[in-house]
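Report on the structure
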Amino acid sequence: MTLEELPGDQSTERMDTVGNALEEVLGKAQLQRTITIGVYEAAKLLNVDPDNVVLCLLAADETDNQDVALQIHFTLIQAFCCENDINILRVSNMSRLAEILGSSDKPGEPADLHCILINNPHASQCKDPALTEVICFCKESRYLDQWVPVINLPER
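Residues numbered from 1 in each chain as written. Predicted model: local features only at pLDDT ≥ 70, side-chain atom pairs only at ≥ 80, totals over all residues. Heavy atoms only, no water.

An unreviewed UniProt entry lists the protein chain under the name Growth arrest and DNA damage-inducible protein GADD45 alpha, with Hymenochirus boettgeri as the source organism. According to the UniProt record, the Sequence similarities (unreviewed entry) comment for the protein chain reads "Belongs to the GADD45 family." Within the UniProt record for the protein chain, the comment given under Subcellular location (unreviewed entry) is "Nucleus". (UniProt positions renumbered as here; feature names shortened; annotations may be inferred.)

Below, the structure written as C-alpha cells:
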C-alpha cells in the first residue's frame, strides 16, 4: 500500500502534517545555520562531510522537469544519498519554498533552491520533533518502496 492508497483524509492529513513539519525544520535550520542551499553547494558538502547530512530536499516545478542537466544532477544526488543513508524528499512547491527560505544571499540573483541539505552538527537537533516527523515519513515511504517521496508544502 502506498501513501496515495490510504483513504483520502488520512493521506491528505499525513501530507499536511509532514509539510508543516518540513516548514518548521527549514525555518529552524536557517536560524541555526545548518542548511546548505544550491545544487553545487550541496554537492561540495556531500563530498566533504556526508555524515552530518540528515535530509536532502530536491525541489522542482513543472518547467524544471524539462531541464535534462538538472535531472542528471538529481539522479546523481539521489544515488549518493541512498548509498549514504541520507533521507531524501522531493518538494513540488518551489514558490512556497522560496517564501519560507527568502531571497538569495547574492543581490540580484535568485537562490538556487533545487537542492537543499539539512545538516545535523548539534546533538540537540536529533530530538527535534519536526525533524523526527519528516525523517519518519521518509523511512515509512522507503518501507513502501517509495525511495524519493514527494511532498507539497502547504500554502499560507
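Having seen it, we continue.
Section: the nonpolar core
Judged by nonpolar contacts, the single largest core of 29 residues is most densely connected at Leu 22, Leu 26, Leu 97, Ile 116 and Ile 118. Broken down by secondary-structure element, the contributors of at least two residues to this core are α1 (8-32), β2 (53-59), β3 (87-91), α4 (94-101), β4 (115-119) and α5 (129-143). With residues near it in sequence (within four places) discarded, Leu 97 still touches Leu 26, Ala 59, Val 91, Leu 113, Ile 116 and Leu 153. If you look at the next biggest cluster of nonpolar residues, it comprises 15 residues, including Ala 42, Leu 46, Cys 56 and Leu 58. (Core = buried A, V, L, I, M, F, W, Y, C linked by side-chain atoms within 4.5 Å. Buried < 20%, exposed > 50% of the residue type's maximum accessible area, 1.4 Å probe, protein only. Helix = DSSP H or I, 4+ residues; strand = E, 2+ residues; numbered from the N terminus. Contact = heavy atoms within 4.5 Å.)

Description of the pattern of salt bridges
All chains considered together, the criterion is met by six salt bridges. Residue Glu 140 pairs with Arg 14 through a salt bridge whose shortest N-O separation is 2.7 Å. Of the two residues, Glu 140 is situated in helix α5 and Arg 14 in helix α1; the sequence distance between them amounts to 126 residues. Where salt bridges share partners, they join Arg 14, Glu 133 and Glu 140 into one cluster. (Salt bridge = Lys/Arg side-chain N within 4 Å of Asp/Glu carboxyl O.)

As for the sheet that holds β3
The strand order β1-β4-β2-β3-β5 describes an open sheet built from five strands, whose pairing is mixed. Two strands in the sheet have a free side with no partner beyond their single neighbour: β1 (35-37) and β5 (150-151). As paired elements, β2 and β3 share five bridges and run parallel to each other. Bridge assignment links Leu 58 to a residue of β3, and that residue is Arg 90. Sitting on the sheet, helix α2 (residues 39-48) touches β1, β2 and β4, and the angle it makes with β4 is about 40°. (Pairing = 2+ DSSP bridges. Axes fitted to C-alpha atoms, helices over the stretch in contact; angles between N-to-C directions.)

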